[in-house]
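A closer look at the structure
Spelled out from the first residue to the last, the chains are:
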Amino acid sequence: MKNIEITTPLTESIVEKLNAGDKVYITGTIYTARDAAHKKMIETLHNGEELPFDIKDSIIYYVGPCPPKPGQIIGSCGPTTSYRMDDLTPPLLELGLRGMIGKGKRNQKVIDSMIKNKAVYFAAIGGAGALISDCVKSSEVIAYEELGTEAVRKLCVEKLPVIVVIDSKGNNLYDIENKKYKIK
Amino acid sequence: MRKIHVNTIIKKIKNMCIKGNYNLGVDVIESFKKAKEKEESPIGKDILDKLLLNAKIAKENEVPICQDTGMAVFFIEIGQEVYIEGGTLTDAINEGVRQGYKEGYLRKSVVKDPLFRENTNDNTPAIIHYDLVEGDKLKIYFAPKGFGSENMSALKMLKPSDGINGVKEFVLDVVEKAGPNPCPPIVVGVGIGGTMEKAAILAKKALLRDIGTFNKKEHIKNLETELLEEINKLGVGPQGLGGRTTALAVNIETYPTHIAGLPVAVNINCHASRHLMVEL
Ligand code: SF4
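Worth saying up front: this structure is predicted, and the values here are computed from it rather than measured. (Residues numbered from 1 in each chain as written. Chains lettered and ligands numbered in written order. Predicted model: local features only at pLDDT ≥ 70, side-chain atom pairs only at ≥ 80, totals over all residues. Heavy atoms only, no water.)

As for the pattern of salt bridges
Residues and elements named next belong to chain B. Under the definition given, this model contains 31 salt bridges over all chains. As a salt-bridge pair, Lys-168 and Glu-226 come within 2.6 Å of each other at their nearest N and O atoms. Taken together, the positions of Lys-168 in helix 6 (residues 163–178) and Glu-226 in helix 8 (residues 218–231) put the pair 58 residues apart, joining distant regions of the chain. Among the residues examined, Lys-168 registers a relative accessible area of 13% and is labelled buried. Of the charged contacts, one joins Asp-173 and Lys-177 as a salt bridge, the two residues approaching to 3.0 Å between their closest N and O atoms. Residue Asp-173 and its partner Lys-177 are located together in helix 6, separated by 4 residues, close to a single helical turn. Owing to a relative accessible area of 34%, Asp-173 belongs among the partly exposed residues under this scheme. (Salt bridge = Lys/Arg side-chain N within 4 Å of Asp/Glu carboxyl O. Helix = DSSP H or I, 4+ residues; strand = E, 2+ residues; numbered from the N terminus. Buried < 20%, exposed > 50% of the residue type's maximum accessible area, 1.4 Å probe, protein only.)

What to know about the interface of chain B and chain A
When the parts of a complex come together, some accessible area is lost, and that lost area is often used as the size of the interface. Residue-level contacts link 46 residues of chain B with 40 residues of chain A. Together chain B and chain A conceal approximately 3,400 Å² of surface at their shared face, both sides included; 59% is due to carbon and sulfur atoms. Area buried by chain B at its contact with chain A is led by Gln-67, Tyr-105 and Leu-241 of chain B, which between them contribute 20% of it. Inspection of the chain B/chain A interface yields 2 salt bridges. The shortest N-O distance in the salt bridge between Lys-23 of chain A and Asp-46 of chain B comes to 3.1 Å. Only helix 3 (42–61) and helix 6 of chain B provide two or more residues apiece to the side of chain B that touches chain A. Sorting elements by how many residues they give to the side of chain B that touches chain A places helix 3 of chain B first, with 11 residues. (Contact = heavy atoms within 4.5 Å. Buried area = accessible area lost by both parts, 1.4 Å probe.)

Examining the site of the ligand
In the vicinity of the ligand there are 14 residues, among which Gly-127 of chain A together with Cys-66, Cys-183, Cys-270 and Arg-274 of chain B approach most closely. One finds residues of chains A and B in close proximity to the ligand. Split by residue class, the shell around the ligand holds 6 nonpolar, 5 polar and 3 charged. Three or more residues apiece are contributed to the shell around the ligand by two domains, here domain 1 (2–20 + 65–145) and domain 2 (148–274) of chain B. (Near = heavy atom within 4 Å. Nonpolar A, V, L, I, M, F, W, Y, C, P; charged D, E, K, R; others polar. Domains from an automatic or database assignment.)

Right under this line is the structure:
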């Protein structure tokens with residue numbers, strides 16, 4: 001397990017060096033999108049329109065933050081469970097989406113598409129929303145404002161702590177670590 | 001008859017919503033600390049540390065522990081001699097939720113129609129379970145419920161012949177399938193008996209109990225202990241990244257049931273196991 005600091009954009013050459021189990025600190029720009037925003041983005045693609053941000057080498061964070069209190073940049077903002085985005089993810093990977101931050105398992109279709117398109121899946125600590133919000137230095141809604149917490153936000157983050165759970169070779173930290181501790 | 005005005009209730013509910021989402025209970029914090037001592041996985045230990053730090057930050061800065069401030073679930077025990085003045089109790093609870101989620105800067109996570117899915121923007125309506133009891137007191141239990149863990153819950157109508165082993169198998173299966181999704185370490189609420197909906201409500205109600213408390217019936221207490229042990233052998237661990245701490249507690253509630261049935265409901269709660277009670 002290595003500690004690695006990376007800066008966005010998340011290029012193919014960065015992703016190739018990341019392995020399941022690495023602790024990664026992300027600095028730069030990431031975009032938030034969860035259930036409703038994914039649905040809208042896929043509709044957008046079907047209609048032949050442009051996505052709300054340049055998806056090439058980008059990172060999507062599956063999160064619906066709390067509203068900020070006065071003086072706060074963003075409210076608590078831990079990850080949401082990723083599998084709900086599974087069916088809507090391969091088309092985005094095909095377009096160059098390079099990283100995803102969430103929590104929990106992904107299905108085989110997503111993993112296959114990640115291997116094919118050289119992408120990485122990170123886990124942030126679920127339920128540590130207060131801690132994670134400290135890493136967000138700016139937040140701006142850039143699309144689907146009507147979705148409230150589910151709107152697409154552009155976040156500037158500094159040293160956002162995540163763990164590589166599925167790397168671009170398809171290694172899966174959940175499986176690897178579970179096996180070590182399972183008592184039959 | 002003892003009169004309680006809705007304004008008193010609204011204010012109480014509002015404060016419970018805010019307090020309940022900013023502060024993790026002492027029972028949860030203590031169980032994190034205990035788990036950390038036993039945790040063998042270095043990743044798991046690190047995660048438990050971060051969860052303790054997160055709870056501290058939330059409390060000190062008065063912000064939500066988790067961004068999923070949940071659907072607002074209430075269990076109400078209302079004494080038969082209580083008279084609610086100035087409106088209905090249900091309206092008062094929803095108004096308290098509306099005010100609490102707004103003034104506490106909590107996330108509004110409720111959609112009006114499960115299929116059309118437009119956000120109600122005030123986190124109402126709440127889910128409210130009423131129980132009519134003796135006396136002139138009003139007891140309000142509040143447990144905001146995040147859906148990462150709610151989605152991993154399940155119910156099964158077992159056969160009487162499946163017995164205790166069938167129950168165990170089902171609970172273990174639900175927890176293992178949930179894996180990392182419900183933000184382990186989890187609290188497992190189990191409802192056994194009654195009808196389909198009764199089992200589900202019991203499972204939810206079981207989550208109101210503090211970690212470290214047990215069912216008063218000896219055989220159920222034993223089942224709680226055994227299941228916790230077996231769950232923690234699954235290896236899921238904190239955040240599903242391996243380890244000994246998959247669950248912090250298994251809380252079981254039971255009810256008489258029909259000769260033909262053995263309903264079992266498993267309601268999973270995450271480590272952000274928020275629950276509090278006030279009595280009016
Ligand atoms: S499962 Fe619980 S801790 Fe995890 S994100 Fe949902 S509410 Fe928060």
